[in-house]
Amino acid sequence: MDNITSEEIAEIEKLLNLTEQKNEEEDVEAVIRMFGEFNQKIYEASRMKRLTAMIKNLNEYLEKFRDISISDVKRRERALKEHRLILKAIVDKDKEHIDEIIKQHLHDSLEIVYSE
């Protein structure tokens, strides 16, 4: 995430603000779509072509996973907070913290999927 631009950060921040608004409006479909957009913007900002290509191949699976995980209101709100933490760690260039947050984020989502 060393190469993320201030414009990309601003765009992701704007997306998170809109996602929070849609969550407050209980527009779950929009929130799910925007979570996908958040992930895609993070992948693209990584400038890791191989990672982006791999993620595109896994997108259908990830969408189903996200749909299940985000259908839970508490998980959706927590995921929004985790997305904020991920962006902050990226801005701070705190690679170790990014790894920790993402691992926990994925673990929490997986727990919801397992319970479903």
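See the structure printed just above.
Right, let's walk through the structure included here. For clarity, every value in this text was computed on a predicted model and none was experimentally measured. (Residues numbered from 1 in each chain as written. Predicted model: local features only at pLDDT ≥ 70, side-chain atom pairs only at ≥ 80, totals over all residues. Heavy atoms only, no water.)

Topic: the overall build of the protein
Helix and strand counts for the protein come out as 5 helices and 0 strands. Along the protein, from the amino end to the carboxyl end, the secondary structure elements read α-α-α-α-α. Within the protein, the proportion of its 116 residues that are buried is 37%. Residue pairs at least 24 apart in sequence account for 67% of intrachain contacts in the protein once pairs closer than 6 positions are excluded. For the protein, the accessible surface area stands at approximately 7,600 Å², while carbon and sulfur atoms represent 52% of it. (Helix = DSSP H or I, 4+ residues; strand = E, 2+ residues; numbered from the N terminus. Buried < 20%, exposed > 50% of the residue type's maximum accessible area, 1.4 Å probe, protein only. Contact = heavy atoms within 4.5 Å. Areas by Shrake-Rupley, 256 points an atom, 1.4 Å probe, with all protein chains shown as cover.)

Brief notes about the packing of helix H1 (residues 6-24) against helix H2 (residues 28-45)
The contact between H1 and H2 brings their axes to 9 Å, and the two run at 165°. As summarised for this structure, H1 and H2 are arranged roughly antiparallel, according to the angle between their axes. Seen from above, H1 lies across H2 with left-handed handedness. Where H1 abuts H2, its residues Glu8, Glu11, Ile12, Leu15, Leu16, Leu18, Thr19, Lys22 and Asn23 lie against Ala30, Val31, Met34, Phe35, Glu37, Phe38, Lys41, Ile42 and Ala45. (Axes fitted to C-alpha atoms, helices over the stretch in contact; angles between N-to-C directions. Parallel < 35°, antiparallel > 145°, perpendicular 65-115°, else oblique. Left-handed = near helix turned anticlockwise from the far one by under 90°.)

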